[in-house]
Every structure is written in C-alpha cells, then in structure tokens.
Amino acid sequence: AQSVTQPDARVTVSEGASLQLRCKYSYSGTPYLFWYVQYPRQGLQLLLKYYSGDPVVQGVNGFEAEFSKSNSSFHLRKASVHWSDSAVYFCVLRLNTGNYKYVFGAGTRLKVIA
Amino acid sequence: GPKVLQIPSHQIIDMGQMVTLNCDPVSNHLYFYWYKQILGQQMEFLVNFYNGKVMEKSKLFKDQFSVERPDGSYFTLKIQPTALEDSAVYFCASSLTGGRAEQFFGPGTRLTVL
C-alpha cells in the first residue's frame with residue numbers, strides 16, 4: 001500500500017543554518033510529490049512539486065527538494081533558514097490512478113531559533 | 001493566492017450531538033475534498049465531491065457523515081451523531097478540476113467531541 005513517512009516529528013535549527021527535512025514514500029506507480037507548509041492558523045500552502053524531469057525542484061522562499069527514485073525519497077532543503085520558516089511541513093504523494101488521491105506524511109514541525 | 005476558508009476554527013460539542021463543518025472553497029473551483037487529521041497522526045482522505053455527488057470516499061467516511069454544497073454555498077461536512085473518535089482537525093480542499101489539478105487547502109476546523 002502507498003504511504004509517506006516523515007521520520008522527524010520535530011526539528012529545531014538555528015537561524016541562518018541549513019535545513020533538511022526528510023521524506024520517504026512507498027508507491028508502485030509513478031509518484032507525484034509535493035511539499036506543503038502550514039503556518040499557524042492558516043491553510044496548507046504549496047512550496048514545490050515534482051512530476052518528472054530534473055530531480056531537483058525549486059520552490060518558493062529558497063526551498064528546494066530532491067527526488068530520488070532509488071531511495072524513494074523527496075527531501076526538502078534550504079540553505080539558510082529564517083525565523084519566519086517556523087511552521088509544519090507536509091510531504092504529500094499524489095497517486096497516479098483513480099481519483100488521484102493525496103497521501104500525506106505526518107508532518108514535521110520546524111522551529112527556528114535565534 | 002486563492003484561499004479556502006473554514007468556519008468555525010474550533011468546535012466543541014457533546015457526544016451524540018450533530019455538527020456541521022463549513023468550507024468556503026475557491027470561488028471557481030468545482031471539486032471539493034475533506035480530510036481528517038487525528039492529533040499526532042497523518043492527514044487522511046475522507047471524501048471528494050463533484051457536481052452534487054460523492055465521487056469517492058474512504059473507510060473513514062462513516063454512515064454518520066454526509067456532505068453537500070447546496071446552491072453553490074458552503075461545502076459542508078455533517079456528522080450526526082458524533083462520537084468521541086470524531087475528535088480531530090478536519091481540512092477542506094478544493095480544486096478547479098479533478099485529476100491532476102492542484103488542491104488548495106483551508107486552515108482546518110478543530111472538532112472536539114466530549
């Protein structure tokens with residue numbers, strides 16, 4: 001069965017440091033992958049998405065993610081975090097059949113400290 | 001960008017009562033979705049809805065659940081009667097078309113059943 005695993009429930013980094021949030025997926029079909037961010041009291045906002053082609057995709061606010069078929073991963077990265085990046089980040093797999101359902105990871109809560 | 005609104009943000013009710021969660025989707029969107037997230041767990045698909053009909057529902061969409069969007073107003077999720085295990089955050093989403101179209105998410109309604 002398809003699934004998305006975000007192994008880190010909480011991550012704390014210092015402002016200006018680099019960031020990697022991990023995501024592993026399990027799906028036998030062609031994966032369409034997304035990273036969403038949720039700020040307090042707001043809806044999920046799309047950061048970036050991967051459909052095909054270059055495995056490194058650029059998103060908003062300096063975020064990027066790298067797709068690896070061999071590792072079944074789609075890790076999110078940022079070179080230098082800002083305090084405003086503190087939020088919950090969700091890795092999402094969209095199935096490629098049927099009603100193209102979304103399968104969510106549990107989310108990683110990022111805290112950026114001074 | 002396009003915004004999905006959800007009303008209320010938090011609802012507390014007694015077990016056995018009825019509750020209606022309201023979603024104001026993006027104005028020209030035609031497909032609507034509900035997701036459920038129990039505290040500390042993954043967000044899971046409940047149901048999607050198009051042209052006045054449920055297109056697909058998951059096993060979480062119990063007989064006590066119903067959805068409708070009368071006359072282009074709010075897209076609603078009704079639970080009657082509620083049970084303790086219905087306590088969760090419910091997220092609404094909408095998309096312009098079905099299939100591969102991006103879903104836009106609301107901020108969620110936290111439902112607490114006592």
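The text that follows walks through the structure, step by step, so that each part is easy to find. Fair warning: this is a prediction, and the values are worked out from it, not measured in the lab. (Residues numbered from 1 in each chain as written. Chains lettered and ligands numbered in written order. Predicted model: local features only at pLDDT ≥ 70, side-chain atom pairs only at ≥ 80, totals over all residues. Heavy atoms only, no water.)

**Thoughts on the overall build of chain A**
Link 1 in the chain: When its secondary structure is counted, chain A shows zero helices and 12 strands.
Link 2 in the chain: Helices and strands appear in chain A in the N-to-C order β-β-β-β-β-β-β-β-β-β-β-β.
Link 3 in the chain: At 14 Å, chain A has a C-alpha radius of gyration in line with the 13 Å of a compact globule built from 114 residues.
Link 4 in the chain: Overall, the C-alpha framework of chain A stretches about 45 × 30 × 20 Å when taken along its three principal axes.
Link 5 in the chain: Looking at chain A residue by residue over its 114 residues, the buried ones come to 46%.
Link 6 in the chain: Within chain A, counting contacts between residues at least 6 apart in sequence, those at least 24 apart form 54% of the total.
Link 7 in the chain: Summing over all exposed atoms, chain A offers an accessible surface of approximately 5500 Å²; the carbon and sulfur share of this is 47%.
Link 8 in the chain: Averaged over its 12 positive side-chain charges, chain A has a centre that lies 10 Å from the centre of its 6 negative ones. (Helix = DSSP H or I, 4+ residues; strand = E, 2+ residues; numbered from the N terminus. Rg over C-alpha atoms; globule rule 2.2 N^0.38 Å. Buried < 20%, exposed > 50% of the residue type's maximum accessible area, 1.4 Å probe, protein only. Contact = heavy atoms within 4.5 Å. Areas by Shrake-Rupley, 256 points an atom, 1.4 Å probe, with all protein chains shown as cover. Lys, Arg positive; Asp, Glu negative; His and termini not counted. Charge placed at Lys NZ, Arg CZ, Asp CG, Glu CD.)

**Observations concerning the sheet that holds strand 8 (residues 75-79) of chain B**
Residue and element names in this part refer to chain B.
Link 1 in the chain: Here four strands make up an open sheet; going across it, the order is 1-3-8-7 and the pairing antiparallel. Here the strands that pair on one side only, and so sit at the sheet edges, are strand 1 (5-7) and strand 7 (65-68). Recorded for the sheet is a direction-independent mean angle of 20 degrees between the axes of neighbouring strands.
Link 2 in the chain: For strand 3 (residues 19-24) and strand 8, the ladder comprises five bridges, and the chain directions are antiparallel. Paired with Leu21 across the strands is Leu77, a residue of strand 8. (Pairing = 2+ DSSP bridges. Axes fitted to C-alpha atoms, helices over the stretch in contact; angles between N-to-C directions.)

**Remarks on the environment of Trp35 of chain A**
Link 1 in the chain: Assignment of secondary structure puts Trp35 of chain A in strand 5 (residues 32-38).
Link 2 in the chain: Considered as a pair, Trp35 of chain A and Phe63 of chain A are 28 residues apart in the sequence and their alpha carbons are 9.7 Å apart.

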